[in-house]
Amino acid sequence: MLIDFLTTKLEKLCLNGKALVKEFGKDVGSAFQNRYAFLEAAPSLADVPTEKPFRRHLLEGDRKGQWSVAVRNGVCICLVPDHDPVPILENGGVDLKKVTRVKIVYVGDYH
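Since we're looking at a predicted model, the values are computed, not measured.

Caption draft 1: Layout of the packing of helix H2 (residues 17-24) against helix H3 (residues 26-41). Contact geometry of H2 with H3 gives a least axis separation of 7 Å together with a crossing angle of 135 degrees. Considering the angle they form, H2 stands oblique to H3. Pair H2 / H3 crosses with right-handed handedness. Across the interface between the two elements, Gly-17, Leu-20, Val-21 and Phe-24 from H2 touch Lys-26, Val-28, Gly-29, Phe-32 and Gln-33 from H3. Tallied by class, residues from the contact of H2 with H3 come to 5 nonpolar, 3 polar and 1 charged.

Following this line, the structure appears as structure tokens:
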């Protein structure tokens, strides 16, 4: 998938291993880099597993419309489809097989 970022600050954090370790610690920083590499290699959002350790799932509440991918120790990557328009299924849901571009909007523990 192609990956973009909500802000330049978030992009710098996600693409800098030292910044990740400083912000989240060595274990989470390393796990984040693995998840990010997996997201880049995945053809679509549908190819990101819903089981552990990834646990891709649709969020609700103030993060409605975002998907979460677990990193480690409660830290998650929150992302949205980066399509205009977003590909929609007949039932009104998002067609994750057609989501080939995402935007990371938050990295951290939103719980």
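Caption draft 2: Quick look at the state of the cysteines. Scanning the model with the defined rule gives 0 disulfides in all. Lacking any disulfide linkage, Cys-76 is separated from the closest cysteine sulfur, that of Cys-78, by 6.3 Å. For Cys-78, a relative accessible area of 0% puts it in the buried group.

Caption draft 3: Looking closely at the sheet that holds strand E3 (residues 67-72). The 5 strands lie next to each other as E1-E5-E4-E3-E2, forming an open sheet whose pairing is mixed. Edge positions in the sheet fall to strand E1 (2-5) and strand E2 (57-58), since each has one partner strand and no second. Where E3 and strand E4 (residues 75-81) come together, 5 bridges link them in antiparallel fashion. Note that in E4 the partner of Ala-70 across the bridge is Cys-76.

Caption draft 4: Representation of the side chain of Ser-44. Relative to the helices and strands, Ser-44 is located in the loop between H3 and E2. The class for Ser-44 is buried, based on a relative accessible area of 4%. Engagement of the side chain of Ser-44 in a polar contact is seen with the side chain of Asp-47, the distance being 2.9 Å. Those residues within four positions of Ser-44 in sequence are excluded, and the remaining contacts are Met-1, Leu-96, Lys-97, Val-99 and Thr-100.

Reading guide: rules and limits
- Residues numbered from 1 in each chain as written.
- Predicted model: local features only at pLDDT ≥ 70, side-chain atom pairs only at ≥ 80, totals over all residues.
- Heavy atoms only, no water.
- Axes fitted to C-alpha atoms, helices over the stretch in contact; angles between N-to-C directions.
- Helix = DSSP H or I, 4+ residues; strand = E, 2+ residues; numbered from the N terminus.
- Parallel < 35°, antiparallel > 145°, perpendicular 65-115°, else oblique.
- Left-handed = near helix turned anticlockwise from the far one by under 90°.
- Contact = heavy atoms within 4.5 Å.
- Nonpolar A, V, L, I, M, F, W, Y, C, P; charged D, E, K, R; others polar.
- Disulfide = S-S within 2.5 Å.
- Buried < 20%, exposed > 50% of the residue type's maximum accessible area, 1.4 Å probe, protein only.
- Pairing = 2+ DSSP bridges.
- Polar contact = N/O pair within 3.5 Å; in protein donor to acceptor, adjacent residues only side chain to side chain.

Note that every value here comes from positions in space, so none of it alone points to a role or purpose.
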